[in-house]
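In case you want the letters, here they are:
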Amino acid sequence: MRTATAAFCLGLWIMGTLSISVMATQNFFTIDRLLAAEVNPEFHESVERLGTEEARVFLRHLSSELNRLYFQYWNYTQLPLAGIVLWLVFWLPDGARLSWTVGIMLLIVTALTVLVTPPIVAIGRSLDFVPRNPPPPELATFGILHAIYTSLEIGKAALGLWVVYQLCSRTRERQTFPG
């Protein structure tokens, strides 16, 4: 039962990671879809009054703020989820190896929450209404932090998939060879 619960919690964790990534990118793509579509006449009247470029800047700022909020909440949600998974895996027979992997995942989330996300939020906010031509110097730092965040998230998800595979392999072995 503990193995299944750990696998389930890891599945939630991995799906949350994938979902937040898809949602963040779609928030920005939706802006161009909204501006291009003629679905809501009131919306397009407002865009015309404001101007398409001003509306795009305003909507990008809104999407950025939502993404910042979602990523911060997701990071805070991952911390207890990681603790639960670590606790479940630790008490499994031969769970020490998997505990180390989940512990690394927890360290990644902690680093993202404490070291990477706060400067991304601060620098991102400072760039929201700054012209991009020429690119402001902070944009390079923002890009590096964003790449670090993404790389760590991908690494964390890969480790999680490996742990799920190990948990499922154990369950399959026990079902095939009872004893």
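Check the entry above for the structure.
Presented here is an overview of the structure given in this document. (Residues numbered from 1 in each chain as written. Predicted model: local features only at pLDDT ≥ 70, side-chain atom pairs only at ≥ 80, totals over all residues. Heavy atoms only, no water.)

Our next topic: a nonpolar patch on the surface. Judged by side-chain polarity, Leu-69, Tyr-73 and Tyr-76 come together as a nonpolar surface patch covering roughly 330 Å² of accessible area. The partly exposed category is assigned to Leu-69, whose relative accessible area is 34%. (Patch = residues over 30% accessible without salt bridge, like charges linked within 9 Å, V, L, I, M, F, W, Y side chains within 5 Å. Areas by Shrake-Rupley, 256 points an atom, 1.4 Å probe, with all protein chains shown as cover. Salt bridge = Lys/Arg side-chain N within 4 Å of Asp/Glu carboxyl O. Buried < 20%, exposed > 50% of the residue type's maximum accessible area, 1.4 Å probe, protein only.)

To continue, consider the pattern of salt bridges. Note on pairing: side chains with opposite charge can pair once their charged atoms come close. The tally for this structure, following the rule as stated, stands at six salt bridges. For Arg-56, the salt bridge identified is with Asp-32, shortest N-O distance 3.0 Å. Remark: Asp-32 occurs in helix 1 (residues 2-36) and Arg-56 occurs in helix 3 (residues 52-90); sequence separation between them is 24 residues. Its salt-bridge partner being Arg-68, residue Asp-128 comes within 2.8 Å of it at the nearest N-O pair. Of this pair, Asp-128 sits in the loop between helix 4 (96-127) and helix 5 (137-176) while Arg-68 is found in helix 3, placing the two residues 60 residues apart along the sequence. Residue Asp-128 shares its accessibility class with Arg-68, and that shared class is buried. Salt bridges sharing partners connect three or more residues here, namely Glu-65, Arg-68, Arg-125 and Asp-128. (Helix = DSSP H or I, 4+ residues; strand = E, 2+ residues; numbered from the N terminus.)

Once that is clear, we can look at the environment of Arg-56. Relative accessible area serves as the criterion here: at 22%, Arg-56 is assigned to the partly exposed category. It is 12 Å that separates the C-alpha atoms of Arg-56 and His-44, two residues lying twelve residues apart in sequence. Other than its neighbours up to four places away in sequence, Arg-56 contacts Ile-31, Asp-32 and Leu-35. (Contact = heavy atoms within 4.5 Å.)

Quick look at unusual backbone geometry now. Asn-133 connects to Pro-134 through a cis peptide bond whose omega is 0°. Note on placement: Pro-134 falls in the loop between helix 4 and helix 5. One non-glycine residue, Asp-94, lies in the positive phi region at around 60°. Within the secondary structure, Asp-94 sits in the loop between helix 3 and helix 4.

Our focus in this paragraph is the environment of Trp-13. On the secondary structure map, Trp-13 appears in helix 1. Judged by relative accessible area, which is 1%, Trp-13 ranks as buried. Between the alpha carbons of Trp-13 and Val-57 there is a distance of 33 Å; along the sequence they are 44 residues apart. Not counting the four nearest positions on each side in its chain, Trp-13 is found in contact with Trp-74, Gln-78, Leu-81, Ala-82, Val-85, Val-102, Met-105, Leu-106, Val-109 and Lys-156.

Right, let's get into the packing of aromatic side chains. Inspection of every chain in the model, using the stated rule, returns two aromatic pairs. For the ring pair Phe-71 and Tyr-149, a centre distance of 5.5 Å and an interplane angle of 90° mean the geometry is edge-to-face. With Phe-71 in helix 3 and Tyr-149 in helix 5, the pair connects residues that are 78 residues apart, well separated along the chain. Both residues of the pair, Phe-71 and Tyr-149, count as buried. Centre to centre, the rings of Phe-90 and Trp-91 are 5.0 Å apart; their planes meet at 90°, and the pair counts as edge-to-face. (Phe/Tyr/Trp six-rings, centres within 6.5 Å; stacked < 30°, edge-to-face > 60°.)

If you trace the backbone, Thr-17 turns up in helix 1. Since its relative accessible area comes to 4%, Thr-17 is described here as buried. In terms of polar contacts, Thr-17 uses its side chain to reach the side chain of Lys-156, at 2.9 Å. Those residues in contact with Thr-17 that sit more than four places away from it in its chain are Trp-74, Gln-78, Glu-153 and Lys-156. (Polar contact = N/O pair within 3.5 Å; in protein donor to acceptor, adjacent residues only side chain to side chain.)

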